[in-house]
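Chain and residue survey
The lines below spell out each chain.
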Amino acid sequence: MQELMKADKNTAIPMQSKKGYSKLKTNLKYIRENYFLYLLIAPALILTIVFKYVPMYGAIIAFKDFSTIKGILGSEWVGFANFTKFLSSPNFGTIFMSTLKLSFYGLILGFPVPIILALMLNQVRRAAIKKNIQLVLYAPNFISVVVIVGMLFIFLSPTGPINQIVTLLTGEPVSFLSDPDYFRTIYILSGIWQAAGWSSIIYVAALANVDPELHNAATIDGANILQRIIHIDLPTLKPLMAVTFILAAGGIMAIGFEKAYLMQTAMNLPTSEIIPTYVYKVGLQAGDYAYSAAVGLFNSVINVVMLIVVNYIVKKLNEGEGLY
Amino acid sequence: MNIKYTRMDRMILSLNSIFLFLAILIVLVPLVYVVLASFMDPTVLLNKGLSFKLKDWSLEGYKLILGNDAMIRGFINSILYSVGFAIVTVVVSLFAAYPLSVNGFVGKNLFMTLFIITMFFSGGLIPTYLVVKDLGMLNTAWAIILPGALNVWNIILARTYFKGIPFELHEAAKVDGASDLLIFFKIVLPLSKPIIFVLAMYAFVGQWNSYFDAMIYLEDPSLHPLQLVLRSILIQNSTDPGMISDQLAMAELKKLSEMIKYSSIVISSLPLIVMYPFFQKYFEKGVMVGSLK
């Protein structure tokens, strides 16, 4: 009987809560009796605290004149000096706009592609064919970013296959990799090439759950495929699209460091230098920890603000359905 | 049932097939090109492009890559880091997920909140680096394995899976007097092979493909994983050709680096290429479970 009571707290509490039994006591008893559960969760808690919460505390160096000798606590407070240094630096405008444009165009161009792919895949009737198409379309997701950028360098180099064609047509190769004007296009298109198939999974699954009777009824009423997509498939995907869009827009400043850094050449910096690569360079390469932490914090704050704003807008447009 | 297609429908379906076919081509052509090019004589490739004459083919690129110490060491390092990372991630995630799936676990909300906050806020690159540095983990495998081992998404995934295990099993075991320890190791874990598999594969592939942590935490080249070795072959070589003044040496070097570029891509992707067709459906399942919660 004791064992059963322990198994379900909801039934256990009313039976045990005599006068004088405080909630704390019940909880302590629970912890004593189920200490093994707490042992299990301990490693995850320790890792979270050490590698997530301690750095959050460490982010206060953004407000300090940090020196490794004095440590985080010993260093002197300088208020917002590190932030104003960034905001007033001549690079600020360019870096900020590069970050924003790269993410914004990436979101606008990249967002619809998985949805269109899913709608197209949904029209493939034979399951075996559909499976094989998916197998191919998902594959690029598993290629490492180093290999992706390496392939871009191979294909787009002045003597690479694409320039061989370009030279044949116009007589002159285009310097895709060093020209700042091409950076964003290459970054975004290669991103779509890699991720669109994989991102379509959730949409494909949502479409597979549509009641076939809906489609049958619509067909009998004389609706063609296009009309059924517009009136049945798209409304099905709408809530999912809203959530995906909010999450993507919320991460707009959290754009990946890894690919942009690899794609940087000395020539294309005007468009390829974004806040995360800048944080890395001034922080770890130049060793200006406090300044770099301030730039990183600035970026995170913009992110949170974006998430809240976009969620608000989508909620307004989507009849009160947002992320939260 | 048999659907009768109108002329309009048939047109749309044909267009759909054409577009899907194009999508497949767009994905496959660059990949196939790299594989074919890895077997080509680089001089022919540079001057004429792909050729299907047998005399233009060569295994030189593979010989060079397999005889390259940095590449071999990188391969071994990558296997060690990826396996180590996968083991730590899976153990930590499963251990944390089980209590969170138990009904009436005191502190569940507190722990969950602690985990979820980290999905939205982070200390940032520099503060995290300083922690790793202060712990003396720079230039050790721990810097690669520990900081990223806790992935909240993995915990949610495993918890969702555990919740799907019929509760009667726990009940029956409890009545029989089994402890939490026994229930977890004898009942829950043996039923959890699919989720263990999914988490391990995600962790392995993620670590295999990443270079960033290794770049900031490992200075010693002998510790570098494959992706960093690849980076120096594929990317750093081609960005600054101005370094070599001697024309002939440069041509020779260019030929050499061209030769190993393609074969290094193929070799480094080999483990994933071999695994991919078998594991694709598990990965897909992982995405689905994760998106439900």
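Residues numbered from 1 in each chain as written. Chains lettered and ligands numbered in written order. Predicted model: local features only at pLDDT ≥ 70, side-chain atom pairs only at ≥ 80, totals over all residues. Heavy atoms only, no water.

Test applied: UniProt positions are given in the numbering used here, feature names are shortened, and annotations may be inferred rather than shown by experiment.
As annotated in an unreviewed UniProt entry, chain B carries the name Putative aldouronate transport system permease protein and comes from Mesobacillus foraminis. UniProt's Subcellular location (unreviewed entry) comment on chain B is quoted here verbatim: "Cell membrane". As stated in UniProt under Sequence similarities (unreviewed entry), the record for chain B gives "Belongs to the binding-protein-dependent transport system permease family."

Taking an unreviewed UniProt entry as the reference, chain A is identified by name as Putative aldouronate transport system permease protein belonging to Mesobacillus foraminis. In UniProt, chain A has this text filed under Sequence similarities (unreviewed entry): "Belongs to the binding-protein-dependent transport system permease family." You can read under Subcellular location (unreviewed entry) in the UniProt record for chain A the words "Cell membrane".

Digging into the overall build of chain A
Our working rule: Every helix listed is a DSSP run of H or I at least four residues long, and every strand listed is a run of E at least two residues long, numbered separately from the N terminus. Two residues form a contact once any of their heavy atoms are found within 4.5 Å. Accessible surface area values rest on a Shrake-Rupley calculation with a 1.4 Å probe, where residue burial reflects the displayed protein chains alone.
Looking only at helices and strands, one finds 19 helices and two strands in chain A. Counted over contacts in chain A with a minimum sequence separation of 6, partners at least 24 positions apart contribute 62%. With an accessible surface of roughly 16200 Å², chain A has 68% of that area assigned to carbon and sulfur atoms.

With respect to the interface of chain B and chain A
To keep things clear, this is the line we draw: Buried area counts how much accessible surface, traced with a 1.4 Å probe, disappears from two parts once they are put together, with both parts' losses summed. When a carboxyl oxygen of Asp or Glu lies within 4 Å of a side-chain nitrogen of Lys or Arg, that pair is called a salt bridge. Within 3.5 Å is the distance limit for a polar contact, defined as a pair of N or O atoms, with the added protein rule that one can donate a hydrogen and the other accept it, and that residues adjacent in sequence qualify only through two side-chain atoms. Note on residue categories: nonpolar means Ala, Val, Leu, Ile, Met, Phe, Trp, Tyr, Cys or Pro, charged means Asp, Glu, Lys or Arg, and polar means any other residue, Gly included.
Counting residues at the interface gives 94 residues for chain B and 84 residues for chain A. Note on chain B versus chain A: buried area summed over both sides is about 8000 Å², and carbon and sulfur give 77% of it. If you look at where chain B meets chain A, you find zero salt bridges. At the boundary of chain B and chain A, one finds 11 residue pairs in polar contact (both at pLDDT 80 or more). Residue composition of the side of chain B that touches chain A, grouped by class: 68 nonpolar, 18 polar and eight charged.

Structural notes on the packing of aromatic side chains
Cut-off, in case you're wondering: Note on aromatic pairs: the rings of Phe, Tyr and Trp (six-membered ring only in Trp) are paired at centre separations within 6.5 Å, and the planes decide the class, stacked below 30 degrees, edge-to-face beyond 60, tilted for the rest. To sort residues, take the accessible area from a 1.4 Å probe on protein chains only and compare it with the maximum for the residue type: under 20% means buried, over 50% means exposed, and anything in between is partly exposed. The criterion for a charge sitting over a ring is simple: Lys NZ or Arg CZ within 6 Å of the ring centre, and within 35 degrees of the ring normal.
Under the definition given, this model contains 42 aromatic pairs over all chains. With centroids separated by 5.8 Å and ring planes inclined at 40°, the aromatic side chains of phenylalanine 183 of chain A and tyrosine 187 of chain A adopt a geometry described as tilted. With phenylalanine 183 of chain A and tyrosine 187 of chain A both in helix α12 (residues 180-199), this residue pair falls four residues apart, about one helical turn. Consider the rings of phenylalanine 204 of chain B and tryptophan 208 of chain B, whose centres lie 5.8 Å apart with planes at 15°: the pair is stacked. Here the residue phenylalanine 204 of chain B and the residue tryptophan 208 of chain B both occupy positions in helix α11 (residues 193-209), the gap between them amounting to four residues, near one helical turn. Each member of the pair, phenylalanine 204 of chain B as well as tryptophan 208 of chain B, carries the same accessibility label: buried. Stacked on the ring of tyrosine 291 of chain A, the Lys or Arg lysine 85 of chain A has its end atom at 4.1 Å from the ring centre.

What about the environment of asparagine 318 of chain A?
Residue and element names in this part refer to chain A. Turning to its location among the elements, asparagine 318 is positioned in the segment after α19 (289-317). Spatially, the C-alpha atom of asparagine 318 lies 7.7 Å from that of alanine 242, the residues being 76 residues apart in sequence. When sequence neighbours within four positions are dropped, the list of residues in contact with asparagine 318 reads Lys238 and Ala242.

Some points on empty space enclosed by the protein
As a reminder, the rule being used: Both cavities and pockets are sets of points on a 1 Å grid over the protein atoms alone; in a cavity a 1.4 Å probe fits but cannot get out, in a pocket the set is open with protein on both sides within 12 Å along at least five of seven lines, and lining residues sit with an atom within 4 Å of a point. Grid points are joined across faces, edges and corners, and a volume is the space filled by probe spheres set on the points.
Per the counting criterion, the structure on display carries five cavities of 30 Å³ or more. Of the volumes computed, that of the second largest cavity is approximately 100 Å³. Surrounding the second largest cavity, Ile154, Ser157, Thr159, Gly160, Pro161 and Gln164 of chain A together with Tyr33, Leu45, Leu46, Glu258 and Tyr262 of chain B form its lining. Grouping the amino acids of the lining of the second largest cavity by side-chain chemistry returns six nonpolar, four polar and one charged.

Re the UniProt feature "transmembrane region" (unreviewed entry) in chain B
Residues and elements named next belong to chain B. The positions that UniProt labels "transmembrane region" (unreviewed entry) are, in the present scheme, residues 12-36, 79-98, 110-130, 142-162, 183-205 and 259-279. Between the first and last C-alpha atoms of residues 12-36 the distance is 35 Å; the span itself is 100% helix and 0% strand. For residues 79-98, the end-to-end C-alpha separation is 28 Å, with 100% helix and 0% strand making up the annotated structure.

Comments concerning the UniProt feature "transmembrane region" (unreviewed entry) in chain A
Residues and elements named next belong to chain A. Per the UniProt entry, the sites bearing "transmembrane region" (unreviewed entry) are residues 35-54, 102-121, 133-156, 186-206, 237-257 and 289-314 in this numbering. What you have in residues 133-156 is 75% helix and 0% strand, and the ends, taken at the C-alpha atoms, are 27 Å apart. Helix makes up 95% of residues 186-206 and strand 0%, whereas the separation of the span's terminal C-alpha atoms amounts to 31 Å.

Some points on the packing of helix α3 (residues 23-33) of chain A against helix α4 (residues 35-58) of chain A
Residues and elements named next belong to chain A. To keep it simple, the criterion reads: Only the stretch in contact is used when fitting a helix axis, every axis being a line fitted to C-alpha atoms; angles between N-to-C directions are given from 0 to 180 degrees. For classification purposes, angles smaller than 35 degrees are called roughly parallel, those larger than 145 roughly antiparallel, those between 65 and 115 roughly perpendicular, and all remaining angles oblique.
Relative orientation of the contacting elements α3 and α4 amounts to 75°, with a least axis distance of 4 Å. The pairing of α3 with α4 is recorded here as roughly perpendicular in orientation. Across the interface between the two elements, Tyr30, Ile31, Arg32 and Glu33 from α3 touch Tyr35, Leu37 and Tyr38 from α4. Among the residues making up the contact of α3 with α4, the classes are represented as five nonpolar, no polar and two charged.

Some details on the pattern of salt bridges
Residue and element names in this part refer to chain A. Counting across every chain of the model gives four salt bridges over all chains. The shortest N-O distance in the salt bridge between lysine 70 and glutamate 76 comes to 3.9 Å. Judged by relative accessible area, lysine 70 falls into the exposed class, the value being 51%. Overall, the relative accessible area of 53% leaves glutamate 76 in the exposed class.

With respect to the nonpolar core
This is how the line gets drawn: What we call a nonpolar core is a set of buried Ala, Val, Leu, Ile, Met, Phe, Trp, Tyr and Cys residues that are connected through their side-chain atoms within 4.5 Å.
Residues Tyr98, Phe105, Phe115, Phe162 and Tyr211 of chain B are the most contacted members of the largest nonpolar core, which totals 178 residues. With residues up to four places along the chain from it excluded, the contact list for tyrosine 211 of chain B reads Val145, Val146, Phe257, Glu258, Tyr261 and Leu262 of chain A together with Gln227, Leu228 and Arg231 of chain B.

Considerations on unusual backbone geometry
All names here are of chain B. With a phi close to 60°, asparagine 139 is a non-glycine residue in the positive phi region. Within the secondary structure, asparagine 139 is located in the loop between α6 (125-134) and α7 (142-145). Residue asparagine 139 is classed as partly exposed on the basis of its relative accessible area, which comes to 33%.

With respect to helix α9 (residues 127-138) of chain A
What counts here: The span one expects for a helix is its residue count, reduced by one, times 1.5 Å.
For α9 of chain A, with 12 residues, the first-to-last C-alpha span of 16 Å sits near the 16 Å given by 1.5 Å per residue. Residues Lys130, Ile133, Gln134, Val136, Leu137 and Tyr138 of chain A constitute the buried set of α9 of chain A.

Some details on the side chain of serine 58 of chain B
Tracing the chain through its elements places serine 58 of chain B in the loop between α2 (42-48) and α3 (60-66). Sequence-distant contacts of serine 58 of chain B, defined by excluding residues within four places in its chain, comprise Ser38, Phe39, Met40 and Asp41 of chain B.

A short note on the environment of alanine 158 of chain B
Residue and element names in this part refer to chain B. One can find alanine 158 in helix α8 (residues 152-163). Between the C-alpha atoms of alanine 158 and isoleucine 196, which are 38 residues apart in sequence, the distance is 8.3 Å. Setting aside its immediate chain neighbours within four residues, alanine 158 contacts Ser93, Leu94, Ala97, Ile195 and Leu199.

Notes on the packing of helix α8 (residues 112-122) of chain A against helix α1 (residues 7-37) of chain B
How two helices pack is summed up by the angle between their axes together with the distance between the axes. Inclusion rule: Crossings are classed by handedness, with left-handed meaning an anticlockwise turn of the near helix from the far one by less than a right angle and right-handed meaning a clockwise turn.
The contact between α8 of chain A and α1 of chain B brings their axes to 10 Å, and the two run at 125°. For the element pair α8 of chain A / α1 of chain B, the angle class is oblique. Seen along the crossing, α8 of chain A lies across α1 of chain B with a hand that is left-handed. Touching Leu117, Met120 and Leu121 of chain A of α8 of chain A are Asn16, Phe19, Leu20 and Ala23 of chain B, all from α1 of chain B.

A few points about the environment of aspartate 213 of chain B
Residues and elements named next belong to chain B. Within the element layout of this structure, aspartate 213 appears in helix α12 (residues 212-217). Taking relative accessible area as the criterion, aspartate 213 reaches 26% and is therefore assigned partly exposed. Each residue touching aspartate 213, except ones within four places of it in the same chain, is listed here: Ile144 and Leu218.

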